[in-house]
Amino acid sequence: MKHEIRDEYYQSRIWNIVEAALEYFISIMVTGAFLARVTGYMGFSDSLTGVLSSFFSLGCLFQLGAIVVFRKMNRVKRPVLIMQGVNQLLFATVYVCPIIPLSQTGKTILFFICFCGGYILMNLFRSPKGAWMISLVSDKERGIFSAKKEMVSLLGGMLFTYAMGGLIDAMEAAGKKDLAFLVGAVTILVLGIVHMGCMLQIKEKPREIKEKKSLLQEMKDLMKNKQLMQVMIIITLWNIAYYSSFPFYGAYQINELGFSMTFVSVLSIAYSIVRTLCSPTMGKLADRKSFSYMSYICFIFSFFSVLICCFTVPENGKILFTIHHCLHAVSMAGINSAQANMVYDHVKGDQRQNALAITMAFSGIVGFITTCLMSPVVDIIQKNGNQVFGMSMYAQQFVSAISCVLMIVLLIYMKKCVIGKREQAKVI
């Protein structure tokens, strides 16, 4: 009987899988329908909620700060832990904002400080943390390891979302909205403490700090990497397509489609099951072919998921949005892990942290600007009685149509400039 050979980082990889799941649970609480519940209680519009939902994208700008802050550190564990602790405390405070005894203006200011501050900090430590974790995994197994990590997060997230959604619905039905927000804050705090304990168990490979070039020269060298530039274009085009519509879906579910938090939780369960079933296949495809090829397949599924939303209205909402959600789950089974791994495919060693920071910062800024441009469009359509060029249409249907066009542009670029060229190179 063969015994599995375990290296000194085996246990750390297990803890990495657990901490990623806990981090995912916290992210669930400050995104999508859960965020829409908080912002709706505070009187924010659909368009503003959409902009807030896309702030994660703008927050990527602060990954550039990691290049400076972590530049000369051969160990990043301690500062990452500190920043992460503060980040989770800020997210917990987001749930206190609706019930804290302040004026509406005071509540709004506190909300923006905590919400935006949390995402800024999260992005500041994101690339060094990612480089730390990926250094524990063999390059030949990054695809399947990422899939395993996602599967655990999704299965756990499925149960977590259902439990939290049902609990919030029950409290609101009993007229205890304030208690529901307090429970949300305590939940994030408890998850944060357990998450910190998991992080402490993960070992760190010290980075080899070579004689450094100037920061400007390092940036120039990365910009000369043509394959990295292709990856940056792919991720940027994806962000433009994604942030044209997806940030507005959370409010759409709660307001126009009228979904309860329990039904939102059921959607999350379906999403998690589909994505969990597809993740191993996507991981193996990435290891066998490439993360770029796997992304191309996933983008096709994403196109059809957005296309479904073009026809989703309250009368058919539960059926069509469920189909959309499941197709989106198939696409995200690969896209989520592919972005960083496409960067890692073309950059090695201590350059990975900087390359990821630059790529995510640029694409993130573009994504946030996209949502900001779409936000007034959503407002105009809603104020016009959900009419577009004389046709009855919800704002989210219109922005979904725009996303479809942008997805087609992305697929054409990948087919001609990335997938096609690599296939030609193999023939030659």
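Residues numbered from 1 in each chain as written. Predicted model: local features only at pLDDT ≥ 70, side-chain atom pairs only at ≥ 80, totals over all residues. Heavy atoms only, no water.

K.L.:
When you look at helix α2 (residues 32-41) in this model, what are you seeing that I'm missing?
P.N.:
Here α2 lies mainly inside the structure; seven of its ten residues are buried. Among the residues of α2, A33, F34, L35, A36, R37, V38 and T39 are the ones counted as buried. Residue G43 follows α2 closely and has a positive phi angle near 85 degrees. (Buried < 20%, exposed > 50% of the residue type's maximum accessible area, 1.4 Å probe, protein only. Helix = DSSP H or I, 4+ residues; strand = E, 2+ residues; numbered from the N terminus.)

K.L.:
Where do I start with the state of the cysteines in this structure?
P.N.:
Think of a disulfide as a covalent bridge from one cysteine sulfur atom to another cysteine sulfur atom. Evaluated as defined, the whole model comprises zero disulfides. A disulfide-free cysteine, C278 has its sulfur positioned 8.6 Å from the sulfur of C298, the nearest such atom. Unpaired in this structure, C417 has its nearest cysteine sulfur neighbour in C298, at a distance of 20 Å. (Disulfide = S-S within 2.5 Å.)

K.L.:
What am I meant to see in the packing of aromatic side chains here?
P.N.:
Both the distance between ring centres and the angle between the ring planes are used here to describe each pair of aromatic rings. Counted according to the given criterion, the structure contains 19 aromatic pairs. Relative to F160, the ring of F25 lies with its centre 5.1 Å away and its plane at 10 degrees, an arrangement referred to as stacked. With F25 in helix α1 (residues 10-29) and F160 in helix α8 (residues 142-173), this residue pair connects regions lying 135 residues apart in the sequence. Relative to Y119, the ring of F115 has its centre 5.0 Å away and its plane inclined at 65 degrees; by these criteria the two rings are edge-to-face. Taken together, the residues span about one helical turn, with F115 and Y119 both in helix α7 (residues 104-134) at a distance of four residues. Here Y119 falls in the buried class, since its relative accessible area comes to 4%. Of the aromatic side chains, those joined through ring pairs into one cluster are W238, Y242, Y243, F246, Y249, F259, F263, F299 and F321. (Phe/Tyr/Trp six-rings, centres within 6.5 Å; stacked < 30°, edge-to-face > 60°.)

K.L.:
What is the right way to read the nonpolar core from this model?
P.N.:
Considering soluble globular proteins, one finds that nonpolar side chains tend to be buried as a cluster. Residues F34, Y95, F111, F115, I234, M294 and F299 are the most contacted members of the largest nonpolar core, which totals 110 residues. Looking at this core, the element that brings in the most residues is α7, giving twelve residues. If near-sequence neighbours (up to four positions away) are discounted, F34 is found in contact with I28, M29, Y95, T161, M164, G165, I168 and M261. By size, the runner-up hydrophobic cluster in this structure holds seven residues, among which are F248, M374, V378 and V399. (Core = buried A, V, L, I, M, F, W, Y, C linked by side-chain atoms within 4.5 Å. Contact = heavy atoms within 4.5 Å.)

K.L.:
What am I meant to see in the environment of T236 here?
P.N.:
Along the chain, T236 turns up in helix α11 (residues 226-243). Owing to a relative accessible area of 8%, T236 belongs among the buried residues under this scheme. For the pair T236 and F362, spaced 126 residues apart in sequence, the C-alpha separation works out to 7.5 Å. Setting aside anything within four residues of it in sequence, one finds T236 in contact with F362, S363 and V366. Looking at T236, its side chain comes within polar contact range of the main-chain oxygen of M232, at 2.7 Å. (Polar contact = N/O pair within 3.5 Å; in protein donor to acceptor, adjacent residues only side chain to side chain.)

K.L.:
Whenever I open this one, a nonpolar patch on the surface confuses me. Can you help?
P.N.:
A contiguous nonpolar surface patch, about 390 Å² in accessible area, is contributed by L179, L182, V186, V190 and V194. By the secondary structure assignment, V186 is in helix α9 (residues 177-200). V186 sits in the partly exposed class, given a relative accessible area of 43%. (Patch = residues over 30% accessible without salt bridge, like charges linked within 9 Å, V, L, I, M, F, W, Y side chains within 5 Å. Areas by Shrake-Rupley, 256 points an atom, 1.4 Å probe, with all protein chains shown as cover. Salt bridge = Lys/Arg side-chain N within 4 Å of Asp/Glu carboxyl O.)

K.L.:
Is there a simple way to think about the packing of α2 against α9 in this case?
P.N.:
Any two packed helices are characterised by the angle at which their axes cross and by the distance between the axes. In contact at an axis separation of 12 Å, α2 and α9 are set at 135 degrees when each is read in the N-to-C sense. Between α2 and α9, the interaxial angle falls into the category oblique. As for the relative orientation of α2 and α9, their crossing is left-handed in sense. Along the contact surface, α2 presents R37, V38 and Y41, while α9 presents K177, D178 and F181. Grouping the amino acids of the contact of α2 with α9 by side-chain chemistry returns three nonpolar, no polar and three charged. (Axes fitted to C-alpha atoms, helices over the stretch in contact; angles between N-to-C directions. Parallel < 35°, antiparallel > 145°, perpendicular 65-115°, else oblique. Left-handed = near helix turned anticlockwise from the far one by under 90°. Nonpolar A, V, L, I, M, F, W, Y, C, P; charged D, E, K, R; others polar.)

K.L.:
Can you help me understand the side chain of S400 in this one?
P.N.:
Tracing the chain through its elements places S400 in helix α17 (residues 395-427). A distance of 2.6 Å separates the side chain of S400 from the side chain of Y249, its partner in a polar contact. In this view, S400 contacts S245, Y249, V306, C309 and C310; residues no more than four positions away in its chain are not counted.

K.L.:
Is there a simple way to explain the pattern of salt bridges in this structure?
P.N.:
When the charged atoms of two side chains with opposite charge come close together, those side chains can pair. Taken as a whole and assessed by the stated rule, the structure comprises five salt bridges. Across the pair K129 and E23 runs a salt bridge whose closest N-O atoms are separated by 2.9 Å. Of this pair, K129 sits in helix α7 while E23 sits in helix α1; the two residues are 106 residues apart in sequence, bridging distant segments of the chain. For K129, a relative accessible area of 7% puts it in the buried group. The exposure class of E23 is partly exposed, given its relative accessible area of 27%. Residue R275 pairs with E150 through a salt bridge whose shortest N-O separation is 2.9 Å. Of this pair, R275 sits in helix α13 (residues 261-288) while E150 sits in helix α8, and the two are 125 residues apart along the sequence. Classification of E150 as buried rests on a relative accessible area of 8%. Here the residues in one salt-bridge network are E19, E23 and K129, joined through shared partners.

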